[in-house]
Amino acid sequence: MTSMPALPPRSAFPQGFLFGTATSAYQIEGHRFGGAGRTHWDSFAATPGNVAGAEDGALACDHYHRWAEDLDLVAALNADVYRFSTSWARVMPEGTGPVNPQGLDFYDRLVDGMLARGLKPAVTLYHWELPQALADRGGWRNADMPDWFAEFTQAVMARIGDRVWSAAPVNEPWCVAWLSHFEGHHAPGLRDIRAAARAMHHVLLAHGRSIGVMRDLGIKNLGAVVNLEGATPASDTAEDHAAADRRDAIYNRAFLEPLFLGRYPEALLEGIASHLPDGWQDDFDTIRAPVDWIGVNYYTRRRIAAAPGAWPGYAEAPPRGPCTGIGWEIHPEGLTDFLRRVARDYSGDLPILVTENGMAGDGLTDSARITYLAAHLQALRTAIAEGVPVTGYFVWSLMDNYEWALGYAARFGLVHVDFESLARHPKASYQALARAWARDGLANGPKAP
Ligand code: IFM
């Protein structure tokens, strides 16, 4: 029998290091409640073949009604900070124009509920469910999206911005642009390079505009959240190395370079320059609006091989190492590599938050998840020991939820959710983290307000 590694205790991290867990609106709230407008995920899920079991977020975990119980779970986890997202269509059912008072009231209650439990609210404004009314107008392909997103930012942050600890405009821009418009796996399910290029550029511009709106509102501690994934050449051939570099350009550098260096990588422009909107070269001042931290979501790496066909000319090779329940290779060293790389090449001394990390797997006795988290927390400590300014870590996810195209079968939660009764049951990983994150009152002092 192999022994399970212990989770490093709070005292193994620098003073003031923040621990938390994360969720997103559509994945947990129950979108049918509270006057929310239709989203493009509702339509995507209603299209045969897109989502396992044609499941959608109409009920999800019913967090809309059970939020107090869920925040109690975050507090009892001994977390310092809770990362959640706001649903654009809940706040503005048509995407622009009138706001839904019930929607704003919900986020108001939620933020106050966090503060009442001593939790720092970390909001992400957009975590993937676009109001259908805007999708009908071309969604992220439409050059008006940055304006519409600025309007949404103003509406929601004028209400809750005075009480949030941090804010980020968009979760995982790669997924919004490439997974959804080029690979077709997420809403709106397109496989179109021109759509992907435009979506990518408009998402970046929307990010910059949103940061500007929040600065004007006087909101502090603003960041960007990117998902980074290793692209390892499948062999030592020059072709596989070049293919892996193209993948890295599309997945990782496509967002880090504009946000921090004000440019797109050459290896990306080779494929998309002719598809970008006119005048894209003039937009980088907006896109690289200064941020106060960078969030890194890290899960896995892929082996990439050269493949015939149109640009980008690569294919995924089978993983070689151990994998999670949904076939994602477990590669904790990749987290250390990315933390080093982000600080060295892009963000310098800026605080880095690991805004998501976790795994899909079954069972209440989820020892595999404890092993996964222990290895990644150790990888994070390695980066800290080298001087990388990592200041916080969030587990994805608080509870089992709607895992997009995989429906409810892929369970990422620290808390098990019975999707019949909606009962919540903390898993072994939750208990182990709660022990590791306990405040001993000596090494770490009292819980920060
Ligand atoms: O569930 C998702 C989340 O919405 C964004 N980051 C990755 C998670 C696991 O796939």
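Note on numbering: residues in each chain are counted from 1, in written sequence order. Restriction of local features to residues with pLDDT of at least 70 applies here, the model being predicted, together with a cutoff of 80 or more for giving and counting side-chain atom pairs; totals for whole chains, interfaces and linings are based on all residues. Values reported for side chains reflect all heavy atoms of the structure, with hydrogen atoms and water molecules removed beforehand.

## Quick look at the packing of helix H8 (residues 173–181) against helix H10 (residues 238–261)
Using the following cut-off: In this description, a line fitted to the C-alpha atoms serves as the axis of each element, helices being fitted only across the stretch in contact, and the angle between N-to-C directions of two axes falls anywhere from 0 to 180 degrees. Comment: elements are numbered from the N terminus, with helices defined as DSSP H or I runs of at least four residues and strands as E runs of at least two. Here is the rule for handedness: rotate from the far helix to the near one, and if that takes an anticlockwise turn smaller than a right angle the crossing is left-handed, while a clockwise turn gives right-handed. Throughout, a contact is declared for two residues whenever any of their heavy atoms are within 4.5 Å. When residues are grouped by polarity, Ala, Val, Leu, Ile, Met, Phe, Trp, Tyr, Cys and Pro land in nonpolar, Asp, Glu, Lys and Arg in charged, and all others, Gly among them, in polar.
In the contact formed by H8 and H10, the axes pass within 9 Å of each other and the chain directions differ by 145 degrees. Like other packed secondary-structure pairs, H8 and H10 cross with a definite hand, here right-handed. Where H8 approaches H10, its residues Pro173, Trp174, Ala177 and Trp178 are matched on the opposing element by Arg247, Ile250, Tyr251 and Phe255. Grouping the amino acids of the contact of H8 with H10 by side-chain chemistry returns 7 nonpolar, no polar and 1 charged.

## Details of the pattern of salt bridges
The following threshold applies: Only one rule defines a salt bridge in this text: a Lys or Arg side-chain nitrogen within 4 Å of an Asp or Glu carboxyl oxygen. Relative accessibility thresholds used throughout: buried, under 20% of the residue-type maximum; exposed, over 50%; partly exposed, between the two (1.4 Å probe, protein chains only).
Under the counting rule described, the total for this entry stands at 30 salt bridges. The closest approach of N and O atoms between arginine 117 and aspartate 72, which form a salt bridge, is 2.7 Å. One end of the pair, arginine 117, is in the loop between helix H5 (101–116) and strand E3 (120–126); the other, aspartate 72, is in helix H3 (residues 63–76), and 45 residues separate them in sequence. Its relative accessible area of 23% is what places arginine 117 among the partly exposed residues. Of the charged contacts in the structure, one is a salt bridge between arginine 163 and aspartate 112, with a shortest N-O distance of 2.9 Å. Of this pair, arginine 163 sits in the loop between helix H7 (145–160) and strand E4 (166–170) while aspartate 112 sits in helix H5, and the two are 51 residues apart along the sequence. Overlapping salt bridges bring together Asp105, Asp108, Asp112, Arg159, Asp162 and Arg163 as one network.

## Let's talk about the pairing of E3
In plain terms, the rule: Following DSSP output, two strands are said to pair if at least two bridges run between them.
Most of E3 sits inside the fold, with 7 of its 7 residues counted as buried. Relative to E3, strand E2 (residues 81–85) runs parallel, the two being bridged by 5 bridges. Bridge pairing in E3 links tyrosine 82 to proline 121. Note: E3 against E4, 4 bridges, orientation parallel. Across the sheet, threonine 124 pairs through a bridge with alanine 168, a residue of E4.

## Observations concerning the site of the ligand
What counts is decided by this rule: Near, as used in this document, describes a residue that has one of its heavy atoms within 4 Å of the molecule or strand being considered. Polar contact is defined as a pair of N or O atoms within 3.5 Å, subject to the rule that within protein one atom must be able to donate a hydrogen and the other to accept it, and that residues adjacent in sequence are counted only when both atoms are side-chain atoms. In these tables, accessible area is a Shrake-Rupley quantity obtained with a 1.4 Å probe, and a residue counts as shielded only by the protein chains included in the view. Grid spacing is 1 Å over the protein atoms alone, the probe is 1.4 Å, and a cavity is where that probe fits but cannot get out, while a pocket is an open set with protein on both sides within 12 Å along at least five of seven lines and lining residues have an atom within 4 Å of a point. The rule for placing a molecule in a cavity or pocket is simple: more than half of its atoms must lie within 2 Å of the grid points.
In the vicinity of the ligand, the contacting residues are Gln27, His127, Trp128, Asn171, Glu172, Tyr299, Trp328, Glu356, Trp396, Glu403, Trp404 and Phe412. Within the side chain of glutamine 27, a nitrogen or oxygen atom sits 2.7 Å from an oxygen atom of the ligand. Between an oxygen atom of the ligand and a side-chain N or O atom of tryptophan 404, the distance comes to 2.9 Å. For the ligand, the protein covers 95% of the area, taking 280 Å² as the surface of the free molecule. When atom positions are compared with the pocket grids, the ligand is found to occupy the largest pocket. Within the shell around the ligand, the residues separate by chemical class into 6 nonpolar, 3 polar and 3 charged.

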